[in-house]
Amino acid sequence: MNFPKTRVAVMASTALLVASGAAPGVAAPVPGHGRTSVALAWYDTTADTIATAGSSLPPVTNSRTWAISWIAAARALQHVPAGVDRRDYQDAALAAAVHRALVELVPTRAPELDAALQQTLDRTPDGPAETLGAAAGERQALEVLHDREGDGLDAASVNAPFTVPPAAPGVWQPTPPAFAPAVQNGSRFARPFLLKSAGQFRLPAPPAPTSERYQTDLKEVRDFGELNSTVRTARQTDTANFWFDSSPALWTKPIRVALAATSHRPPLKQAELVALTHATLVDTQIATSDSKYTYPLWRPVTAIRTGVGGVPADPSWTPLRTTPAHPDYPSGHNTYAGAAETVLTALVGPRTAPFTLTSGTAPGVVRTYTAWHQLTLENVDARVWLGIHTRLADEAGVGLGTDVARYGLNHARSLFQEH
């Protein structure tokens with residue numbers, strides 16, 4: 001696509017940052033500049049693009065779109081040519097990089113993306129800074145897209161068929177009511193952004209179904225996660241329903257809060273924050289699939305209806321919410337939470353100004369948070385109270401996500417190097 005203001009190149013390094021609270025869809029002013037934050041504006045544009053066009057795609061495929069777009073932006077911002085206005089160059093470069101990547105990955109949104117780019121360029125003074133910046137952004141986007149071709153994160157590859165093992169105690173089987181085929185099995189064969197391999201942080205095998213730990217955790221799910229539980233409190237039910245929404249959807253606002261908190265930092269640092277966070281989340285989902293399908297542990301509904309050890313069979317037991325179609329160990333929501341918390345804590349600290357969060361699976365509920373760890377704790381409890389995960393799967397998930405994120409933070413520099 002050609003624009004009155006556009007095209008060609010640059011490089012990459014490393015850095016990261018965070019945000020406070022302009023509402024999504026509202027570009028925050030940059031202190032001391034009297035102009036809107038291009039990073040926040042394009043964060044919102046990316047979020048809107050994925051929310052509108054990516055609802056039918058696997059979460060990891062949408063995380064890939066985030067990562068590619070913002071890696072390109074970070075690479076384009078690393079070097080500013082001598083003799084041009086630094087801020088004008090960086091605004092144009094960031095916008096052009098994210099725009100080009102999104103147009104290629106989500107072509108149905110091209111008209112809206114073109115309009116967003118034009119709006120950014122209209123606010124940027126004409127001249128060499130804008131022209132060179134836009135060219136660098138576009139070139140970096142095309143280079144990152146080329147590098148990630150065939151990485152196995154497209155929807156068909158992610159949902160590669162899984163052959164269900166013969167039924168046996170502890171072995172995953174399709175779950176009611178749909179008894180649907182397993183999903184996201186293929187993520188484990190995808191190419192990570194930073195990890196050396198999908199199994200780099202593979203979890204140890206889960207406890208046996210007859211072990212004391214498993215029996216204790218299964219009884220907790222049976223009591224607190226049943227559809228009409230008499231021991232689960234109203235607050236616990238609200239928490240469960242709130243966190244039943246997808247992790248990418250629920251974490252979009254907290255990541256934006258972190259980004260907004262860094263509005264006083266250079267655009268490069270802001271782009272690196274978004275890029276590293278989402279690249280790490282892609283790798284976390286790949287690692288999650290690896291452990292899930294290495295140890296295809298049955299879901300609580302199967303264990304409770306079948307009966308095992310000290311937990312008698314209850315063929316009519318039904319969880320609060322329908323069980324997703326993949327194995328129990330580890331909990332994907334909790335690997336995501338562990339990774340996101342670790343990255344945001346490292347880049348912007350453990351606490352933040354109060355921010356509110358809503359959920360598509362709990363209409364009308366608004367919750368307020370002041371620390372990333374609060375979100376992780378609620379994820380752990382919620383999956384038990386929903387009746388869809390054991391606590392051991394939740395805690396293992398947080399640990400796995402944390403390990404992947406720490407590795408990503410320690411190897412972030414390679415993410416921003418041109419290949």
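Residues numbered from 1 in each chain as written. Predicted model: local features only at pLDDT ≥ 70, side-chain atom pairs only at ≥ 80, totals over all residues. Heavy atoms only, no water.

Q: Explain the environment of T230 to me, please; I cannot follow it from the model alone.
A: With respect to the helices and strands, T230 occurs in the loop between α7 (212-224) and α8 (234-242). Exposure remark for T230: the relative accessible area of 78% places this residue in the exposed category. Spatially, the C-alpha atoms of T230 and E418 are 57 Å apart, while their sequence positions differ by 188 residues. (Helix = DSSP H or I, 4+ residues; strand = E, 2+ residues; numbered from the N terminus. Buried < 20%, exposed > 50% of the residue type's maximum accessible area, 1.4 Å probe, protein only.)

Q: Sorry if this is basic, but what is going on with the domain arrangement of the protein here?
A: You'll often see interface size given as the accessible area lost when the parts meet. Each domain of the protein was delimited in the assignment, giving domain 1 (38-148) and domain 2 (161-415). Centre-to-centre separation of domain 1 and domain 2, based on C-alpha positions: 30 Å. Contact with domain 1, which involves 24 residues of that partner, is made by 24 residues of domain 2. With both sides pooled, the region where domain 1 packs onto domain 2 buries about 2,200 Å², and carbon together with sulfur makes up 68% of that total. (Domains from an automatic or database assignment. Contact = heavy atoms within 4.5 Å. Buried area = accessible area lost by both parts, 1.4 Å probe.)

Q: What am I meant to see in the packing of helix α10 (residues 267-294) against helix α14 (residues 391-410) here?
A: The angle between the axes and the distance between the axes are what describe a pair of packed helices. Between α10 and α14, whose axes approach to 9 Å, the crossing angle comes to 135°. Classed by the angle they form, the pair α10 and α14 counts as oblique. Judged by the sense of rotation from one axis to the other, the crossing of α10 with α14 is right-handed. Along the contact surface, α10 presents L276, T280, D283, T284, A287, T288 and S291, while α14 presents L400, G401, V404, A405, G408 and L409. For the contact of α10 with α14, a count of residues per class yields six nonpolar, six polar and one charged. (Axes fitted to C-alpha atoms, helices over the stretch in contact; angles between N-to-C directions. Parallel < 35°, antiparallel > 145°, perpendicular 65-115°, else oblique. Left-handed = near helix turned anticlockwise from the far one by under 90°. Nonpolar A, V, L, I, M, F, W, Y, C, P; charged D, E, K, R; others polar.)

Q: Hey, could you run me through helix α2 (residues 59-76) in this one?
A: Given 3.6 residues to a turn, an α-helix orients residues that are three or four positions apart in the same direction. The end-to-end C-alpha distance of α2 is 26 Å, a good match for the 26 Å that 18 residues give at a rise of 1.5 Å each. In terms of residue burial, α2 counts as a mostly covered element, since 17 of its 18 residues are buried. (Expected span 1.5 Å × (residues − 1).)

Q: Where do I start with the side chain of R109 in this structure?
A: Position of R109 relative to the elements: it lies in the loop between α3 (86-105) and α4 (110-122). Classification of R109 as buried rests on a relative accessible area of 16%.

Q: Before we go on, may I ask you to explain unusual backbone geometry in this structure?
A: Glycine aside, the phi torsion of most residues is negative, and most peptide linkages are trans. For the bond running from P176 to P177, omega is 5°, close enough to zero to count as cis. One can find P177 in the loop between α6 (155-158) and α7. Residue P330 is bonded to the preceding Y329 through a cis peptide linkage, with omega at 0°. Looking at the element boundaries, P330 is found in the loop between α11 (300-306) and α12 (332-348). One non-glycine residue, F179, lies in the positive phi region at around 50°. Phi at Q184 takes a positive value of approximately 65°, unusual for a residue other than glycine. Along the polypeptide, Q184 turns up in the loop between α6 and α7.

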